[in-house]
Amino acid sequence: MIRQQIRIALDPDDTPKSYVNIVPYLRSPLPPPIDPTTGEPVNPEALTRIFAEECVRQEVSQQRTVPIPDEVREAMIRFGRPTPIQRAYGLEEMLKTPARIYYKREDVSPTGSHKTNTALAQCYYAMKEGVERYTTETGAGQWGSAVALACSHFGLEAMIYMVRVSYEQKAYRGTLMRLYGAKVVPSPSQNTEFGRRLNREQPGHPGSLGIAISEALEDALGSQNTKYTLGSVLNHVLLHQTVIGQEAKQQLNLIDTKPDYIVGCVGGGSNFAGLSYPFIADPRFKDTEFIAAESDACPKLSRGEYRYDFGDTAGLTPKLKMYTLGANFIPPKIHAGGLRYHGSAPTLSALIQEGRVRPLAYNQVDALNAGVLFARAEGIVPAPESSHAIKAVIDLALEAKKRGEERSILFNLSGHGHFDMTAYGSLMDGTLNGESMAAQD
Ligand SMILES: *Cc1c(COP(=O)(O)O)cnc(C)c1O
């Protein structure tokens, strides 16, 4: 007999028509971004020099929901929404756990991760406002790929600063961006003042997300008809990702399941927020436990401080109140490039502060081993970032086994790992190191 409900699919028409804004659901008002020169809250007007105007409006929105334009919804449907939820029977059997494990498949987007959701929205708004060129940074390359695709879809030019270590480790990601029509340079680059300075001080500098953001911002501020797009951390970006959790709620409702645990990995917080915020905002899920899996090489949520800090290394952004390891922190060269960010989304930071989300940090060796187990059980190679969530899920499932509890676990498979064979290759060759922050300091 074929077991029921291996995949829970929705119709294109079930794609959400609005985003869920977590801000009005926080217990205390969200600390605003601060202008570092005056120490006062930033005037949203000033942010429109950098970001599309609609993104800035959404950034400061207190509304519980924000409508999704038809064109954005159509583009999301064209590029794969709604995404399925899949029951991880293979993994459950392998672990011999009584837990039921479900995963939301953001890996099925054409660029291989959830990042397409916000890239399409941001490119649409920019295009409507007459912007012709977008600059951005990319770590592991998933964000760059999503921006490249979305820019091509809405007719914008894309200029992408790719963290050098990833540019070298994941060269095909750069090729994919160029294939979609984007320009890509390794960061620190020769295009900007900041990049040239870092290259002089340390030739072959590995780069970091903070540095690449500084470069993309410097470029945007100094160029005509150009704006900057960010792939994580900010309220409007997390907002765009809430299509994930809204779909997941519909899907689990179809099988009468309330998850005991919801798990996602955290770089800046967008895929975690995308899956979890619609559940956190809904009092019916008050008993669900929310787990944010981060890298122990960049453990801002579990070892960082909750304070105002810059989003980038050069100090060009407003200061955000967030869990941070410090804007100058250069994380070890781990393979989960998307988790190498020093800070974290202010809304996620606030939820952690409130005790509503629990952070857990994992070593890349343990995470990638979990990823290999998942690939063998489910056939899908997870992104190294997603493997951190999978490691958390496996621990929960084994805990449930020990206690004989039939728990249900939902996690976000934020992306696939088809461009991460270097990472998995070095794991299997036994040359992957378990460099954590502790090893560095
Ligand atoms: C970018 C990325 C992440 C980390 O970023 P978040 O904003 O925290 O989601 C995680 N997984 C994948 C596949 C990514 O591309």
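Since the model is a prediction, treat every value here as computed from it, not as a measurement.

Draft legend 1. Geometry of the overall build of the chain. Within the chain, the secondary structure is distributed over 19 helices and 15 strands. A compact globule built from 441 residues should have a C-alpha radius of gyration of about 22 Å, and the chain, at 20 Å, falls within 12% of that. Summarising its shape, the C-alpha atoms of the chain cover approximately 60 × 50 × 40 Å along the three principal directions. Out of the 441 residues in the chain, the part that is buried amounts to 63%. Here the analysis covers contacts within the chain between residues at least 6 apart in sequence; of these, 77% occur between residues at least 24 apart. Each charge sign in the chain was given a centre, from 46 positive and 49 negative side chains, and these centres are 3 Å apart.

Draft legend 2. View of the domain arrangement of the chain. We note that the domain assignment places domain 1 (7–14 + 80–113 + 238–431) and domain 2 (51–64 + 115–235) within the chain. Each of domain 1 and domain 2 was reduced to a C-alpha centroid, and the two centroids are 23 Å apart. Residue-level contacts link 40 residues of domain 1 with 38 residues of domain 2. Counting the contacts that link domain 1 with domain 2 gives 1 salt bridge. Where domain 1 touches domain 2, the interface holds 22 residue pairs in polar contact (both at pLDDT 80 or more). Sorting the residues of the side of domain 1 that touches domain 2 by element identifies α11 (235–241), α12 (243–254) and α15 (346–353) as the ones contributing at least two each. Top element by residues in the side of domain 1 that touches domain 2 is α11. It accounts for 4 residues. A class-by-class count of the residues in the side of domain 1 that touches domain 2 yields 15 nonpolar, 18 polar and 7 charged.

Draft legend 3. Broad picture of the sheet that holds strand β11 (residues 289–295). An order of β1-β4-β5-β15-β10-β11-β14 is seen for the 7 strands of this open sheet, with the pairing classed as mixed. Edge positions in the sheet fall to β1 (7–8) and β14 (357–362), since each of these pairs with one other strand and no more. The pairing of strand β5 (residues 100–105) with strand β15 (residues 408–413) spans 6 bridges and is parallel. Bridging from a neighbouring strand, Tyr 103 pairs with Phe 411 of β15. In the packing of helix α13 (residues 270–280) onto the sheet, the strands contacted are β5, β10 (261–265), β11, β14 and β15, and the crossing angle to β10 comes to about 155°. Sheet contacts for helix α17 (residues 384–403): β5, β10, β11, β14 and β15; angle to β10, the most-contacted strand, approximately 150°.

Draft legend 4. Highlighting the pairing of strand β6 (residues 133–138). With 6 of its 6 residues buried, β6 lies for the most part within the structure. Side-chain alternation along β6 places Arg 133, Thr 135 and Glu 137 on one buried face and Tyr 134, Thr 136 and Thr 138 on a second face that is also buried. Direction of pairing for β6 relative to strand β7 (residues 157–163): parallel, over a ladder of 6 bridges. The residue bridging Thr 138 from the neighbouring strand is Met 162, located in β7. Each parallel crossover has a hand, and for β6 linked through helix α6 (residues 142–154) to β7 it is right-handed. Here 3 bridges tie β6 to strand β9 (residues 226–228), and the two strands are oriented parallel to one another. Bridged to Tyr 134 within β9 is Lys 227.

Draft legend 5. Looking closely at the site of the ligand. Looking at the ligand, there are 17 residues lining it, with Lys 115, Ser 232, Gly 267, Ser 270 and Asn 271 nearest. Between an oxygen atom of the ligand and a side-chain N or O atom of Lys 115, the distance comes to 2.6 Å. Here an oxygen atom of the ligand and a backbone polar atom of Gly 267 are 2.6 Å apart. Relative to its unbound accessible area of 380 Å², the ligand is 97% covered by the protein chains.

Draft legend 6. Geometry of the pattern of salt bridges. For the structure on display, the rule yields 25 salt bridges. Of the charged contacts in the structure, one is a salt bridge between Asp 420 and Lys 170, with a shortest N-O distance of 2.9 Å. Here Lys 170 lies in the loop between α7 (164–169) and α8 (171–179) and Asp 420 lies in the loop between β15 and α18 (421–429), a separation of 250 residues in the sequence. Assigned by exposure class, Asp 420 and Lys 170 land together as buried. Arg 196 serves as the salt-bridge partner of Glu 193, at 3.2 Å between the closest nitrogen and oxygen.

Draft legend 7. Region of interest: helix α9 (residues 193–201). Those residues of α9 lying buried are Phe 194, Gly 195, Leu 198 and Asn 199. Looking straight down α9, one finds its buried side chains confined to an arc of 130°; they lie on one side. The outward face of α9, more than 90 degrees from its buried face, is lined by the exposed residues Arg 200 and Glu 201. In this structure, the buried side of α9 is in contact with α7 and α10 (209–221).

Draft legend 8. Local environment of the packing of aromatic side chains. What the rule picks out here adds up to 8 aromatic pairs. Ring geometry for Phe 51 against Tyr 228: centres 5.7 Å apart, planes inclined by 50°, an arrangement best described as tilted. Residue Phe 51 is found in the loop between α1 (44–47) and α2 (53–59), and its partner Tyr 228 is found in strand β9; the two are separated by 177 residues along the sequence. A residue is classified by how much of its surface remains accessible, and Phe 51, at 9% relative accessible area, is buried. Ring centres of Tyr 306 and Tyr 323 lie 5.0 Å apart, and the angle between their planes is 25°; this geometry places the pair in the stacked category. A residue pair is termed long-range when its members are at least 10 positions apart, and Tyr 306 in strand β12 (residues 305–310) and Tyr 323 in strand β13 (residues 319–324) qualify at 17 residues. For Tyr 323, a relative accessible area of 11% gives the class buried.

Thresholds, definitions, all that
Residues numbered from 1 in each chain as written. Predicted model: local features only at pLDDT ≥ 70, side-chain atom pairs only at ≥ 80, totals over all residues. Heavy atoms only, no water. Helix = DSSP H or I, 4+ residues; strand = E, 2+ residues; numbered from the N terminus. Rg over C-alpha atoms; globule rule 2.2 N^0.38 Å. Buried < 20%, exposed > 50% of the residue type's maximum accessible area, 1.4 Å probe, protein only. Contact = heavy atoms within 4.5 Å. Lys, Arg positive; Asp, Glu negative; His and termini not counted. Charge placed at Lys NZ, Arg CZ, Asp CG, Glu CD. Domains from an automatic or database assignment. Salt bridge = Lys/Arg side-chain N within 4 Å of Asp/Glu carboxyl O. Polar contact = N/O pair within 3.5 Å; in protein donor to acceptor, adjacent residues only side chain to side chain. Nonpolar A, V, L, I, M, F, W, Y, C, P; charged D, E, K, R; others polar. Pairing = 2+ DSSP bridges. Axes fitted to C-alpha atoms, helices over the stretch in contact; angles between N-to-C directions. Right-handed = clockwise from strand over helix to strand, strands pointing away. Near = heavy atom within 4 Å. Areas by Shrake-Rupley, 256 points an atom, 1.4 Å probe, with all protein chains shown as cover. Arc of directions from axis to C-beta. Phe/Tyr/Trp six-rings, centres within 6.5 Å; stacked < 30°, edge-to-face > 60°.

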